[in-house]
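Chains, contacts and geometry: an overview
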Amino acid sequence: MPLNRLLTIGVSAGAAVVLSVPAVAAPASATPSHHRTGGSLVLVGGGLADDNATVYGDIVRLAGGAGKARIGIFTAAAPVPSEDPDADTPDCNNSVCNGDYYAKLLTSYGAADAQWIPIDLDHPQAADDPAVAKQIESMTGFFFGGGDQYRYVTTMTRGAAQRDSAALAAVRRKLRSGAVVAGTSAGAQIMAGKDMITGGSTEPGLRDGAKPGYFEDPGVLGYLPKGGFGFFTDGLLDTHFSRRGREARSIRLAADTGNDRVFGLDENTALEVTGVGGRHRSLRVIGQRGVSVLDLRRARVTDTGGVWGVEGVRWSRLTEGDRYRAERWQPVIAAGKERVIPAAGPCTVPPSDDVFYDYALVGLAEGLVDQAGCAATSGTSYEKDPQFAAEVTRGRGFAGYRAGSTTSFVDAVIGIRPA
């Protein structure tokens, strides 16, 4: 399946354990709107399996339920057919065939109707077509596919001020009135508020810092100061998070832009936000992996011989069933997860030689969860010009929780410096 065919999810409610974390005021960006109630966001980090009935079924549920849900599908982040060499084959990966693919898939999971919203780079003017706006108004939920989030900006907003097109304004109205807006990969990233990431590799980003704009060079850590659609405003968002080792690039972006919090979405995992536009939002996690919350309020940027570094980034990683109280900066561990008592003995966690890739940092943190003898775990970057070292230590409130093979932890501390 093409990489941009990724999805999002919802979560089941359940009892929870509230961790003792000091409550502080939410950042200005998290201030609720004047709307008393609102809809839901379902944000997935990518790589969601087609057979994940929990995810697809929950999108349908949030859109009104089986036999009632009407879901509009946006795929403008994908290539247009003329850019797809496989456009006329079963291996196609473009806006039109992806729209058809998701329509059939969501219908198979119970949607009464699922239909493509015909906006893409070949048809950006459709975003201001009254007929398209009317089509959107008839929907009870929406799904945004993956690809390149900047294509959503160019097709669904207008001018340097990124004013809403008629289509985006209609989606915004539907969200405020109770609809669900789901997105995967780029489709989740576009939901972000100010300083939305537009691309960039971790190690070049750490070395050179974040730059405003959109760049063809995949090594440049770019961001859009005005952000994406602004549906999610509790912190920065990043996707494919631990699989692609994006913890460090998000930390650099947050530090450079003055943001105090990042939500990192792992693959096959989603963050559901209910009460969007209201005074009481609820954030929950579901799926195979986790959602990382990086807290930079007490972080300190360093400079060693002209090489950037940072100390004191607090890191909690929440897994299925866990919640997060954004206004209190408070992780909430789901009931039924047992606190892990680390085993005595010497530390046997080996240092990583590719620490910003493929769950390496997660593995180092889980070493702290499991082994009492580990005062710190560490690793170095694969790139050597310059080479960075990352260290994970226990914060004052550090604890790990486990249900089966899934581990949650709170209050780990990340430091990054020249190796």
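Residues numbered from 1 in each chain as written. Predicted model: local features only at pLDDT ≥ 70, side-chain atom pairs only at ≥ 80, totals over all residues. Heavy atoms only, no water.

What about the packing of aromatic side chains?
One pass over the structure, following the stated rule, counts 13 aromatic pairs. Ring plane angle 70° and centroid distance 5.9 Å describe the contact between F144 and F229, whose orientation is recorded as edge-to-face. With a gap of 85 residues between them, F144 in strand β5 (residues 141-144) and F229 in the loop between β11 (221-224) and β12 (236-238) connect regions that are remote in the sequence. Here the aromatic residues F74, F142, F144, Y152, F229 and F231 are joined through ring pairs into a cluster of three or more. It is R261 that lies over the ring of W329; its NZ or CZ is 3.9 Å from the centre. Above the face of the W329 ring, R297 is positioned so that its terminal group lies 4.0 Å from the ring centre. (Phe/Tyr/Trp six-rings, centres within 6.5 Å; stacked < 30°, edge-to-face > 60°. Helix = DSSP H or I, 4+ residues; strand = E, 2+ residues; numbered from the N terminus. Lys NZ or Arg CZ within 6 Å of the ring centre and 35° of its normal.)

Focus: unusual backbone geometry
Here the amide bond leading from D385 into P386 is cis, since omega sits at -5°, within 30 degrees of zero. With respect to the element layout, P386 can be found in the loop between β22 (376-380) and β23 (388-403).

Looking at helix α2 (residues 95-108)
Over its 14 residues, α2 extends 20 Å from the first C-alpha to the last, a length consistent with the 20 Å expected when each residue adds 1.5 Å. All of the buried residues along α2 are S95, C97, N98, G99, Y101, Y102, A103, L105 and L106. Tucked into the core, α2 has its buried residues touching α1 (53-62), β3 (70-74), β4 (113-116) and β5. The opening residue of α2, the one whose side-chain oxygen lies 3.0 Å from the backbone nitrogen of V96, is N94. (Expected span 1.5 Å × (residues − 1). Buried < 20%, exposed > 50% of the residue type's maximum accessible area, 1.4 Å probe, protein only. Contact = heavy atoms within 4.5 Å. Polar contact = N/O pair within 3.5 Å; in protein donor to acceptor, adjacent residues only side chain to side chain.)

Section: the packing of helix α3 (residues 130-137) against helix α5 (residues 166-176)
The contact between α3 and α5 brings their axes to 9 Å, and the two run at 15°. Classed by the angle they form, the pair α3 and α5 counts as roughly parallel. Two packed elements cross with a definite hand, and for α3 against α5 that hand is right-handed. Here A133, I136 and E137 of α3 lie close against α5, whose contacting residues are A166, A167, A170, V171, R173 and K174. A per-class count over the contact of α3 with α5 returns six nonpolar, no polar and three charged. (Axes fitted to C-alpha atoms, helices over the stretch in contact; angles between N-to-C directions. Parallel < 35°, antiparallel > 145°, perpendicular 65-115°, else oblique. Left-handed = near helix turned anticlockwise from the far one by under 90°. Nonpolar A, V, L, I, M, F, W, Y, C, P; charged D, E, K, R; others polar.)

Concerning the environment of P204
As for its position among the elements, P204 is in helix α7 (residues 202-208). Taking the relative accessible area as the measure of exposure, P204 reaches 23% and is therefore partly exposed. Contact partners of P204, with chain neighbours within four places excluded, come to G209 and G219.

A short note on the environment of D86
With respect to the element layout, D86 can be found in the loop between β3 and α2. A C-alpha to C-alpha distance of 38 Å links D86 and D353, two positions 267 residues apart in sequence.

Considerations on the sheet that holds strand β9 (residues 196-199)
What the three strands build is an open sheet, ordered β9-β11-β10; its pairing is mixed. On the outer flanks of this sheet lie β9 and β10 (210-212), each paired with one strand and no other. Direction aside, the axes of adjacent strands within the sheet are offset by 40° on average. As judged from the three bridges shared by β9 and β11, these two strands associate in the antiparallel manner. Of the residues in β11, the one forming a bridge with M196 is L224. Of the strands in this sheet, β9 and β11 are in contact with helix α4 (residues 149-156), which crosses β9 at around 110°. Along the sheet, helix α8 (residues 247-257) contacts β9, β10 and β11; its crossing angle with β11, the most-contacted strand, is approximately 50°. (Pairing = 2+ DSSP bridges.)

Looking at the pattern of salt bridges
Overall, the coordinates contain 22 salt bridges when judged by the stated rule. A salt bridge links D100 to K104; the nearest nitrogen and oxygen atoms lie 3.3 Å apart. Of this pair, D100 and K104 both sit in helix α2, four residues apart, which is roughly one turn of that helix. By relative accessible area, which is 56% here, K104 ends up exposed. (Salt bridge = Lys/Arg side-chain N within 4 Å of Asp/Glu carboxyl O.)

Details of the pairing of strand β13 (residues 261-265)
Counting buried positions along β13 gives five out of five residues, so the element sits mostly inside the fold. Burial along β13 is two-sided: the residues R261, F263 and L265 and V262 and G264 are all buried. Two strands pair when backbone bridges link them, and β12 and β13 are joined in this way by three bridges, in the parallel orientation. Note on β13: the bridge partner recorded for L237 is F263. Pairing geometry for β13 and strand β16 (residues 290-295), over five bridges, is antiparallel. Across the sheet, the residue bridging to G264 is S292, located in β16.

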